[in-house]
Structures are given as structure tokens and as C-alpha cells.
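Each chain, letter by letter, is given below.
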Amino acid sequence: VEDVAYTVRLYRVHGAGNSSIHLEPVPVSAESLDPRFVFLLDTGLKIFMWYGKRAKNTFKSKARLLAEKINKNERKNKAEIIMETLNDESADFWKALGEEDGMRPEEPVIEHVSDDFAIIPPRLYQVKLGMGYLELPQVELTHNKLVHTLLQSRNVYILDCYMDLFVWFGKKSTRLVRAAAVKLSHELFTMMERPSHALVTRVQEGTETQIFKIKFSGWDEVIAVDFTRTAESVQKTGADLNKWARQQETKADLAALFTPRQPPMTATEAQQLMDDWNDDLDAMEAFVLEGTINKKFVRLPEEEIGHFYSKDCYVFLCRYWVPVEEGEDEESPPPEEDHQCIVYFWQGRDASNMGWLTFTFTLQKKFKELFGENLEVVRTHQQQENFKFLAHFKRKMVIHMGKRKEPRPRNQSAPVELYHLRANGSPLCTRLVQIRPDATALNSAFCYILKVPFESEEETESGIVYLWLGSKASPEDVKLAEEIADEMFNSPWITLQVLNEGEEPDNFFWVGLGGRKPYEKDADFMNYTRLFRCSNEKGYFTVSEKCSDFCQDDLADDDIMILDNGEQVFLWLGSRCSEVEVKLAYKSAQVYIQHMRAKQPDKLRKLFLTLKNKESRRFTKCFHGWSQHKRPPE
């Protein structure tokens, strides 16, 4: 195991108000010492406490306590804390200060720190990836007090203390923002002239150094109990007693569990919305990210619009008419039509965030120059699209697995492809999604397209395509599935065969699906499915409902989800949820089951526990296009 390399640093201890201390980094040199102060010399596995003759006893004890915390929390109790007093220092101390012979320098330690010395107030910045540009807004401090509750797990912050510049990475922050923060911190560091002993330090949430923590008012894991203190003296330390008292009462918001299920949108209503939005659409241009090393957006061929791949990123520039109200003056000329531009950035669930970064620094800049204030950018992820975007594909959105134009290895035969047509909550949310070919995925209530390729050495892909119509599928879905299949497989090399459920041939159909297996005969669960999210994000426990068009990626890793399918209620545990959330979510699920027992006495539900990657078919069937869980961005 490699030894950890420690940076030798010397700190001068000052009072910082609220009975806390401030550590001012100074050059590692004997000349920095001053008999009126306490100094902390940190060499890693040896922490020297140097006490000046005129140093205050309170600072001595507080600095000593800090050294013990550094040893316990950062050095695993392996460091040695050594006391040094003026004119009685050890040879190790002088060596650590740069005196090679270990002897006290000839020049005496003198008072040199100015009486006017003032601590430079630290500035906290949040690193943001805004509309394609890096932003560094300064965080506003309430009562000019820096408190650790300002640091949010999803974000990255830079704390500039002049002598020290810290980059704090939240646990849930993305790799993209982290990389941007590191770059920005170096730029910020070099923007102003700083002493040679100034440092940039990276800090991870949960493993913050004591030097970082003391920059914040009242940040300490353990509050020492002192029965001699009054409420007034405790308040002077910066602790908010009212807030502490409020936190003792467990607050919870479970209103969503008692709200009726959102009624599905009717076909007429969906068609009306679709027609309105498409009437307003003046033009739509589509682009796709291509290339492996030098990636760039190229125009998407007209015939491919509506087809998406899970490993790709797409950009749609939509130009809409905005009707202008006419004035009452009949003689005035008719007003010119105004336009609004919306750019939709669509990211597949297996695509990396680099596509978004490429877009923000290339296409978005061009669009901004062209359309200025009339431009709106909407970033959307696979199966989380809004109604307006979905309307433009007129229920014919097809999502393929993998990458567009992905070359197939020569010795590998073409794979079997199975597609499932389904709408969640509204006909507007109809998608044909490629799923893993398996007979258990079939359901009598839906339509499926199965492509079984023939083994051929020719480059032209030949095969047979089955359009499987479930016996309980709606006539509208059957008609739509036939239209999509005709458009997708309009090739002389491919035979298209329509199959009604029960008429499947054994040779290709069941072989393509890996053999005949039992499958579900109805989708009654579609009339009951609801997904709730349980979270402590707001500082108290809340339950909120996802929209009816939910998908697998709505299962939040750091939360607990409650899924109702009409017969079972599942408690899904994300891999990073807390014990408190588990207990509160379990109680919430029981409350929900009792409530539904009163509302739907004929549908008695049972409670089941499920873990990430251990989901049963009863759970996964509620999600369209279920596959492997997406790995979170690093």
C-alpha cells in the first residue's frame, strides 16, 4: 500500500466570533511564528501545536481539540500530536519548518502580525452548467453567515478563502459539472495574486476536512453537552434552537397518497391536442450526433424522423407560428406573423452526457445567434418527453436499442428484434419500444412486431417480420401497428406477416422468441398503475406522484418508490436510500393500502418489498420497455 503524501502546512490560530476559531495559512517558516498566537503545523502523521508565551488559553484548548479531530477523522488515529512551547521546541519541529539541522534559528521569534489583521470573509460559489455556458453565481448568505446547509448534494461549490480555495463535490453531482468545477477553480485561483503557500483543495461530501468545516458556522457532528450553559449562551455559538426544536417534530406530507388517480386522456382530446400543436408547427429540422472521436451533429434524413436509438442524441429545431392579435383600427396594415423557436434535445437512456455538452458548444450557439430571445431550449430524456414533443410524431415514435448505423461484426448474425406498442395514460404517449425478445413479454392486450432475420452472407438484411395482434388489443392500436410495420419494413427482402394471437407458426415465431412460454392474457393493471416517490429532499418526508406516463428511469436511486398495480403494492428501495426513509415509506405504503381498501374493497392489495435489480415480472410489467437499469452518470 502506498503511503499517503501529505502537504506540510502551517496555520496561525485566530478567534472567529461565535466562540469558534479561524486557521490562517501562513508560509511554512520559523519567521511566521509570533509569541501572541497558537500555531498548528500539520505534516501528516505528526501534528505540532506551538504555543506562544502570550497566546490565549482558550485558543490553545480549541486548537488542540481541532488537532484531535483531524487525527481521528482524517488520519485514522495514526498521527502523533506534539506540544511545543516557545524556546523549548524539538528538533523535529524545526526540521518540519525547513531548518535542516533541526536547530532553533538564531533570529528570535518576534511579534510581527499587525494589530489591524482582519480575516478575509470567504465567498461561496455554485458551479452551474446553464444554457450551454458555465455559470458561477455567488451564493447569497442569510445574515452574512456561512452554514453547511447551503451545500446541496446535487451541486458542486467553490469556496474561495483567498489563502485556500476549496472545490466541494456533492455526492449526487455529475461528472460533467465536477470536471467544469476543477477547471473553473484553477481559473479563479490564478485570477488574483495569491501567496505561494495558497492551495486549491478538492473536498468530497461526507469526507470534508476539519480545515474546511471550520469555515462554516456551527458545523460539527457531535454537540458537546455542557449543563452549565444557558439557552442564551448556546445561541451565541450560532446554533438555531428554534430550528433544532422544529426538527424534533417529524413532519411528513402524504397528501399524494389520498389524491384520486389521474383519469386517462380520451382519444378525442388527444387527437385535438395533436392537431392543434401540429397546426402551429411551421417547420421542424432534425439533427443526430454522429462520429466516434470528432462527434458532430448532422442532418437526420427525412425518412428517419420518428426513429430514435437509445445510445444516440438528437436535436429538433421546431418553429411555431405565434398568432398576433389584430388591432381595432381597420386602416392599419395587418400584423406580420410572429415566430417562436423551441429546440428539443433528446437523449437516449444509454447515451452519455457528452452529447449535451457537444450541443451546447456547437448547435446551440448557432441557434442563439439566429433566433436570440425567441429561442427556448428543452432537454428531454428517453420516455420522459413532454406531450407537445410527442404530438409531432403522431403516435409513431419508435425507440430502437443500441446505436444508429452501428456496424455488425462479420462473424455475428443479425439479432432478433421485438418491439412493443403501448400508450401510458394518454394516446399521445404511444411509443413502439424495442424490448428483449422473450415470449414472457407478450400480453394479449397489446400489439408486437417481431423481426426474425434469415442467416445470409449477403449484406442485404433479409428475414420475416411478424405483426402479432393480441386478442384484446384495441382496434386503434391494431390499425396503428399495421401502419408502422408497413413503413418500417417496406423492403423486397423482408416478408411481413400479420398474426392474430393463437395463429403463431412454431418454426420462426416461437424460435425467434426463445421458445413458447406462458404470458399474461390481459393488462387490467394499466387501469390502476400509480408510481409514488418517497423522499427527504425538502428537509422533511414527502410523497409525490409521478405522471401516468412514467418509465423505468423515474425510479430514483437515492429514494424509495411505491408502485401500485391494482393487486400488489411494491416498496422499491433505491441503493442509496436512508434507513429513516425506509421506515417512513413502509408506514406510508401501509396507510395507502388501508385507504385503497376503503375506496376499492373488491381490489384488496398486498404489500411486497423489492430491491433494485431484483424486480419481479409483476413489477416490471408496469413499465414500458423495461431493460437493465441505467448506470448513473459519473
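Our subject is the structure that appears above.
Below is a short write-up of the structure. Each chain carries its own residue numbering, running from 1 in the written order of its sequence. Restriction of local features to residues with pLDDT of at least 70 applies here, the model being predicted, together with a cutoff of 80 or more for giving and counting side-chain atom pairs; totals for whole chains, interfaces and linings are based on all residues. Only heavy atoms go into the side-chain values, all of them from the structure, while hydrogens and water stay out.

1. Here we look at the packing of aromatic side chains
Given two aromatic rings, one states the distance between the centres and the angle between the planes to describe the pair.
So, point 1. Two aromatic rings from Phe, Tyr or Trp, using only the six-membered ring of Trp, form a pair when their centres are within 6.5 Å; if the ring planes differ by under 30 degrees the pair is stacked, by over 60 it is edge-to-face, and anything between is tilted. The full count for this structure, using the stated rule, is 35 aromatic pairs.
So, point 2. On the numbers, 5.2 Å between centres and 65° between planes, the contact of phenylalanine 550 with phenylalanine 623 is edge-to-face. One end of the pair, phenylalanine 550, is in the loop between β25 (541-545) and β26 (560-564); the other, phenylalanine 623, is in the segment after α14 (617-620), and 73 residues separate them in sequence. Both residues of the pair, phenylalanine 550 and phenylalanine 623, count as buried.
So, point 3. Aromatic rings pair up to connect Phe308, Tyr314, Phe316, Tyr344, Trp346, Phe389 and Phe393 into one cluster.
So, point 4. Lying across the ring of phenylalanine 37, arginine 12 places its NZ or CZ 5.7 Å from the centre.
So, point 5. Throughout this description, the term charge over a ring refers to an Arg CZ or Lys NZ atom that lies within 6 Å of the ring centre and within 35 degrees of the ring normal. The side chain of lysine 603 reaches across the aromatic face of tyrosine 528, ending 4.7 Å from its centre. The way it works is that DSSP assigns letters per residue, a run of H or I at least four long becomes a helix, a run of E at least two long becomes a strand, and they are numbered from the N terminus. Three exposure classes are used, based on accessible area relative to the maximum for each residue type with a 1.4 Å probe and protein chains only: buried under 20%, partly exposed in between, and exposed over 50%.

2. Concerning the sheet that holds strand β14 (residues 307-309)
So, point 1. Strand pairing is defined by DSSP finding a minimum of two bridges between the two strands. Spatial ordering of the open sheet is given by β14-β18-β20-β19-β21-β22-β23, a layout of 7 strands whose pairing is mixed. This sheet does not close on itself; its edge strands, each paired only once, are β14 and β23 (494-500). Going across the sheet, the axis of each strand differs from the next one's by a mean of 20°, ignoring polarity.
So, point 2. Across 7 bridges, the pairing between strand β21 (residues 447-453) and strand β22 (residues 463-469) is antiparallel. Bridge pairing in β22 links leucine 450 to tyrosine 466. For every element, the axis is a line fit to its C-alpha atoms; helices are fit only across the contacting stretch, and the angle between N-to-C directions ranges from 0 to 180 degrees.

3. Comments concerning unusual backbone geometry
So, point 1. The backbone phi angle of tyrosine 162 is positive, close to 70°, even though this residue is not glycine.
So, point 2. Looking at where tyrosine 162 falls in the secondary structure, it is placed in the loop between β8 (156-160) and β9 (164-169).
So, point 3. Here tyrosine 162 falls in the partly exposed class, since its relative accessible area comes to 24%.
So, point 4. Here lysine 394, not a glycine, exhibits a phi torsion of approximately 50°, which is positive.

Take it as geometry only, folks, not as evidence of what the structure does.
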